[in-house]
Amino acid sequence: VSPFAFDARHGEIDLATMRWTVALADVRLGEGESATHFAAERIAGRTTPQGLAGELAGASGKIGAVPLTMSEIGGAWRYAGGALSLDGGLLLTDAAPEARFAPLVSRSANLRFANGAIDATAAFSERQKGVKILDTVIHHKLGDGTGFADLIVKELRFDDNFQPDMLTPLALGVVANVQGSVVGDGRIEWTPDGVKSRGTFATANTNLAAAFGPVTGLTSTLSFADLIGLHSAPGQKVAIKEINPGIPVVDGEIEYQLLGGNRVRIEGGRWPFAGGELLLHPATIDF
């Protein structure tokens, strides 16, 4: 059984109605880096024919070693049949010192705690524009501190209303005026020993402005060996209908690898040009 700790600063109970409230509650499940922590400004509850139910507000939490932080959690909870569940909303932020993505908000999150495991689902949108980003499915075992999070991007469209730098600061100064969409999925897995992640994402016929000139008709499928670290397997390929660094070149293909740390290893590239070929030699670009 995982160690359980609960603390609260203030509580009230109405014996006539069997309603109660707890202020500044603090809950800790598990030990060490794999522990799950949850805090709430206010939890209210009551007895119902099906069990216990109530509301919570101003809550925050972090599940084990998952590099994500949840805050502004609020909604309705219930306890019945040995299971505790929560339906509501939350704000998701990057736990890294330098955030890799903008805060994401969910208005349709569901969390269930039963049999020593946490299961959660949520759909997340960018907070400022309300653009749908992804769906998530999370499973975490308290006993051994292991779990996973599946990330599903059905179609994330970039247009005049929403650009990549609104989602991640990593895109700032790298690409602009993006017109296109991204689809894909990823998985984050964790144990007390660490976190692993992977994913595959694709785009087709995307147009954008890059530091070296305008790009049209970009098509690529990108496989991440480390999704969180933005590190890909070698031999990734991108096809480009036209790139114009000063002289238009068409129907080219570039092989590359993301090295993490905003670095890209160009493994090679070629374009037909004036009856011959333009060749791109290997190089590492640091953004």
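On a predicted model such as this, the values are computed, not experimentally measured, just so you know.

Reading the values: rules and limits
Residue positions are given per chain, counted from 1 along the sequence in the order it is written. Whole-chain, interface and lining totals are the exception, using all residues; otherwise, since this is a predicted model, local features are given only for residues with pLDDT of at least 70 and side-chain atom pairs are given and counted only at 80 or more. Each side-chain value is derived from all of the structure's non-hydrogen atoms; neither hydrogens nor water enter the calculation. Helix and strand assignments come from DSSP, with helices taken as H or I runs of at least 4 residues and strands as E runs of at least 2, each series counted from the N terminus. Between two residues, a contact is recorded if the distance between any of their heavy atoms is within 4.5 Å. Note on areas: these come from Shrake-Rupley sampling with a 1.4 Å probe, and a residue is covered only by the protein chains present in the view. Whether two aromatic rings pair depends on their centres lying within 6.5 Å, for rings of Phe, Tyr and Trp, where Trp uses its six-membered ring; planes under 30 degrees apart make the pair stacked, over 60 edge-to-face, and the rest tilted. When a residue's accessible area, from a 1.4 Å probe over protein chains only, is under 20% of the maximum for its type it is buried; when over 50% it is exposed; and in between it is partly exposed. Only one rule defines a salt bridge in this text: a Lys or Arg side-chain nitrogen within 4 Å of an Asp or Glu carboxyl oxygen. Strand pairing is assigned whenever DSSP detects at least two bridges linking the two strands. Within this scheme, the nonpolar core is defined by two criteria: the residues are buried Ala, Val, Leu, Ile, Met, Phe, Trp, Tyr or Cys, and they are joined through side-chain atoms within 4.5 Å. Polar contacts, as counted here, are pairs of nitrogen or oxygen atoms within 3.5 Å of one another; within protein the pair requires one atom able to donate a hydrogen and one able to accept it, and residues that are adjacent in sequence qualify only if both atoms are side-chain atoms.

Chemist: Can you help me understand the overall build of the protein in this one?
Modeler: Looking only at helices and strands, the protein has one helix and 20 strands in total. For the C-alpha atoms alone, the extent of the protein along its principal axes is close to 90 × 40 × 30 Å. Within the protein, residue pairs in contact and separated by at least 24 positions form 37% of the contacts whose partners lie at least 6 positions apart. On the protein, roughly 15,600 Å² of surface is accessible, and the fraction owed to carbon and sulfur atoms is 57%.

Chemist: What should I look at first to understand the packing of aromatic side chains in this one?
Modeler: Think of a pair of aromatic rings as described by two things: how far the centres are apart, and how the planes are tilted against each other in angle. Overall, the coordinates contain three aromatic pairs when judged by the stated rule. When the centroid spacing of 5.9 Å and the interplanar angle of 45° are considered together, the rings of Trp20 and Trp77 count as tilted. Of this pair, Trp20 sits in strand 3 (residues 19-29) while Trp77 sits in strand 6 (residues 68-80), and the two are 57 residues apart along the sequence. Under the relative-accessibility criterion, Trp20 is labelled partly exposed at 25%. With a centroid separation of 5.8 Å and an interplanar angle of 5°, the aromatic rings of Phe158 and Phe162 are classed as stacked. Residue Phe158 shares its accessibility class with Phe162, and that shared class is buried.

Chemist: What am I meant to see in the pattern of salt bridges here?
Modeler: Side chains bearing opposite charge may pair, as long as their charged atoms lie close to each other. Tallied over the entire structure, the rule returns twelve salt bridges. In this structure, the salt-bridge partner of Arg46 is Glu55, at a minimum N-O distance of 3.0 Å. Residue Arg198 pairs with Glu189 through a salt bridge whose shortest N-O separation is 3.5 Å. One connected set of salt bridges, linked through shared partners, spans Asp150, Arg187, Glu189 and Arg198.

Chemist: Just to check I follow, could you spell out the pairing of strand 7 (residues 83-94) for this structure?
Modeler: When strand 6 meets strand 7, the two strands line up antiparallel, connected through eleven bridges. Paired with Tyr79 across the strands is Leu84, a residue of strand 7. Across eight bridges, strand 7 lies against strand 8 (residues 104-114) in antiparallel orientation. If you follow Asp87 over to strand 8, its bridge partner there is Asn110.

Chemist: Before we go on, may I ask you to explain the environment of Val264 in this structure?
Modeler: Looking at where Val264 falls in the secondary structure, it is placed in strand 18 (residues 263-273). Along the sequence, Val264 and Met18 sit 246 residues apart, while their C-alpha atoms lie 61 Å from each other. Ignoring sequence-local partners within four residues, the contact set of Val264 consists of Tyr256, Gln257, Leu258, Ala283, Thr284, Ile285 and Phe287.

Chemist: Explanation requested: the nonpolar core in the structure shown.
Modeler: Burial of nonpolar side chains together is a common tendency in soluble globular proteins. Formed by 56 residues in total, the largest nonpolar core has its most connected members in Ile133 and Leu156. For this core, the leading source of residues is strand 11 (residues 146-158), giving five residues. Beyond its immediate sequence surroundings of up to four residues, Leu156 is in contact with Val131, Lys132, Ile133, Phe162, Leu167, Gly180, Ser181 and Val182.

Chemist: What should I look at first to understand unusual backbone geometry in this one?
Modeler: What is expected of a backbone is that most residues other than glycine have negative phi and most peptide bonds are trans. We note that Glu72 has phi near 50°; this positive angle belongs to a residue other than glycine. The class of Glu72 is exposed, set by a relative accessible area of 55%. At Asn262, a position not held by glycine, the phi torsion is positive, near 65°. Mapping Asn262 onto the fold places it in the loop between strand 17 (249-260) and strand 18.

Chemist: I would appreciate a short explanation of the side chain of Thr206 in the present structure.
Modeler: By secondary structure assignment, the location of Thr206 is in strand 13 (residues 194-210). Ignoring anything within four residues of it in the chain, the contact list for Thr206 reads Val178, Gln179, Gly180, Ser181, Val215, Thr216, Gly217 and Leu218.

Chemist: Is there a simple way to explain the pairing of strand 6 in this structure?
Modeler: Put simply, side chains in a regular strand alternate between the two faces of the sheet. The sheet contact formed by strand 5 (residues 51-62) and strand 6 spans seven bridges and is antiparallel. If you follow Ala59 over to strand 6, its bridge partner there is Ile73. What sits between strand 5 and strand 6 in their antiparallel hairpin is a turn of five residues, with Gly64 showing a positive phi close to 50°. The antiparallel pairing of strand 6 with strand 7 creates a hairpin that spans two residues between the two strands, and Gly81 there sits at a positive phi of about 60°.

Chemist: Looking at this model, I keep getting lost on the side chain of Ser220. Mind explaining?
Modeler: As for its position among the elements, Ser220 is in strand 14 (residues 213-226). Taking relative accessible area as the criterion, Ser220 reaches 10% and is therefore assigned buried. Polar contacts involving the side chain of Ser220 include one to the main-chain carbonyl oxygen of Lys237, which spans 2.9 Å. Engagement of the side chain of Ser220 in a polar contact is seen with the side chain of Tyr256, the distance being 3.3 Å. Excluding its chain neighbours within four sequence positions, the residues that come into contact with Ser220 are Phe201, Ala202, Thr203, Lys237, Val238 and Tyr256.

Treat this as a map of the structure, not an account of what it does.
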